[in-house]
Amino acid sequence: MKKHNFYAGPSILPQYTLDKTIEGIKDFAGTGLSILEISHRSKEFVACMNDTISLFKELLEIPSGYQVIFLGGGASLQFAMVPMNLMNKKAAYLNTGEWASKALKEAKLFGEAVEVASSKEKMFNYIPKNYTIPADAEYFHITTNNTIYGTELKKDLDVKIPLVADMSSDIFSRPIDVSKYSLIYGGAQKNLAPAGMAFVIIKEDILGKVTRPIPSMLDYRVHIKGESMFNTPPVFTVFAAQQTLTWLKNLGGIKAIQKKNIEKAKILYDEIDRNKLFVTTINDPEDRSLMNICFVMAPAYKDLEKPFADFARSKGMLGIEGHRLTGGFRASTYNALPKESVEALVSAMKEFESDN
Ligand SMILES: *Cc1c(COP(=O)(O)O)cnc(C)c1O
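Criteria and cut-off values
- Residues numbered from 1 in each chain as written.
- Predicted model: local features only at pLDDT ≥ 70, side-chain atom pairs only at ≥ 80, totals over all residues.
- Heavy atoms only, no water.
- Helix = DSSP H or I, 4+ residues; strand = E, 2+ residues; numbered from the N terminus.
- Rg over C-alpha atoms; globule rule 2.2 N^0.38 Å.
- Buried < 20%, exposed > 50% of the residue type's maximum accessible area, 1.4 Å probe, protein only.
- Contact = heavy atoms within 4.5 Å.
- Areas by Shrake-Rupley, 256 points an atom, 1.4 Å probe, with all protein chains shown as cover.
- Near = heavy atom within 4 Å.
- Polar contact = N/O pair within 3.5 Å; in protein donor to acceptor, adjacent residues only side chain to side chain.
- 1 Å grid on protein atoms, 1.4 Å probe; cavity = no way out; pocket = protein on both sides within 12 Å on 5 of 7 lines; lining within 4 Å.
- Sits in = over half its atoms within 2 Å of the grid points.
- Nonpolar A, V, L, I, M, F, W, Y, C, P; charged D, E, K, R; others polar.
- Points joined across faces, edges and corners; volume = space filled by probe spheres on them.
- Expected span 1.5 Å × (residues − 1).
- Arc of directions from axis to C-beta.

A. Fine view of the overall build of the protein. Each helix and strand in the protein was counted, giving nine helices and 14 strands. The globule rule puts the C-alpha radius of gyration for 356 residues at 21 Å, and the 21 Å found for the protein is close to it. Counting only C-alpha atoms and orienting by the principal axes, one finds that the protein spans roughly 60 × 55 × 30 Å. Residues classed as buried in the protein amount to 55% of the 356 residues present. Relative to all contacts within the protein whose residues are 6 or more apart in sequence, the contacts with residues 24 or more apart total 66%. For the protein, the accessible area works out to roughly 15200 Å², and carbon and sulfur atoms hold 54% of it.

B. Representation of the site of the ligand in the model. Residues in close proximity to the ligand total 13 residues, the closest being S76, T147, D166, Q189 and K190. A distance of 2.4 Å is found between an oxygen atom of the ligand and a side-chain nitrogen or oxygen belonging to T147. Separating a nitrogen atom of the ligand from a side-chain N or O atom of S168 is a distance of 3.5 Å. Protein coverage of the free-state accessible area of the ligand, which is 390 Å², stands at 87%. Spatially, the ligand is embedded in the largest pocket. The leading source of residues in the shell around the ligand is helix 3 (residues 74-86), at four residues. Residue classes in the shell around the ligand are distributed as three nonpolar, eight polar and two charged.

C. Region of interest: the layout of surface pockets. There is about 250 Å³ of room inside the largest pocket. Along the walls of the largest pocket sit 19 residues, with W99, T147, S168, Q189 and K190 positioned nearest its centre. Top element by residues in the lining of the largest pocket is helix 3. It accounts for four residues. Taken together, the residues of the lining of the largest pocket sort by class into five nonpolar, eleven polar and three charged. Its boundaries defined by the atoms lining it, the second largest pocket holds a volume of some 190 Å³. It is strand 12 (residues 292-297) that contributes the most residues to the lining of the second largest pocket, three residues altogether. Each residue belonging to the lining of the second largest pocket can be placed in one class, and the counts come to eight nonpolar, five polar and one charged.

D. Summary view of helix 2 (residues 43-60). Compared with an ideal rise of 1.5 Å per residue, which puts 18 residues at 26 Å, helix 2 spans 26 Å between its outermost C-alpha atoms and is within 8% of the ideal. For helix 2, the full list of buried residues reads F45, C48, M49, T52, I53, L55, F56, L59 and L60. Here the buried residues of helix 2 occupy an arc of 155° about the axis, which is enough to place them on one side. Positive backbone phi, approximately 50°, marks E61, located one or two places after helix 2.

Below, the structure is given as structure tokens:
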């Protein structure tokens, strides 16, 4: 039976990435060696690294003055590296979910991290809109897509201080104006590549302003200077990212994928709104994520949660159970997820409704 991969991360990759990765595991760039066993200093891998960075710059239209680096430690290490490299005294955070809360917690180790607003009292089911950012904060941190709760901040904010964004789960899903951000980071494993790597896009002129000593491995300047090869980079993950970005470029780039993402999300949200068994957890359509679509059983049908989970699994749907913090359901509809998978989930929801 065809399987439909709705996992939130690690998550579905394009078939192109899987095919090219299998080729690369057997014979990388005509070297006769596997990507798993080749030196990161080999000219073939250096070319792969450079091409991956070029694709980042081209697809996201990154202006000059910015650097792209790849690091180990996932997005979670960035929760600490950002304040360590950018905050002397004070930074501001918008708390829109579990990952935003974790970023805030780490920032508190380095100075005064101010929570400007939080949607925690409502299970993070909306994005706060009215808040004041302290003018003396050194940066403002946002999490654009809340992978666990299913909200998304889809527009680039205009703020007066440097803007820092965790875009782990919506990078490359829609066009962004990089010039409005001073730093963008994320884990690779949601929309780009297998696990094992974080990407960081940094405006170079924000670095070098903090007074604390920074260990080399945690210093952005060291990794920029070393061109992401200060130490051994996650070679395999960089290679896989290159394949995904090549796939994205070939299908028309970010505007083309955004169109597909909007279409997929609409099909599923429309069905959640229509189907008597299910309700959305995010009421304001403007705040609804196009990447992680969360829903629960309607109150009258609460006891059908487990039966629906079993039914959906029997139809080939994998990974639709909600996060352990939220329960319910979450369908992740990342770039690589085909529309047919969303349609298959919708027909399972319809069939389950008519059986009940
Ligand atoms: C998954 C995720 C993270 C954590 O990523 P790791 O690479 O596991 O550290 C952080 N932020 C967001 C928004 C995420 O979706």
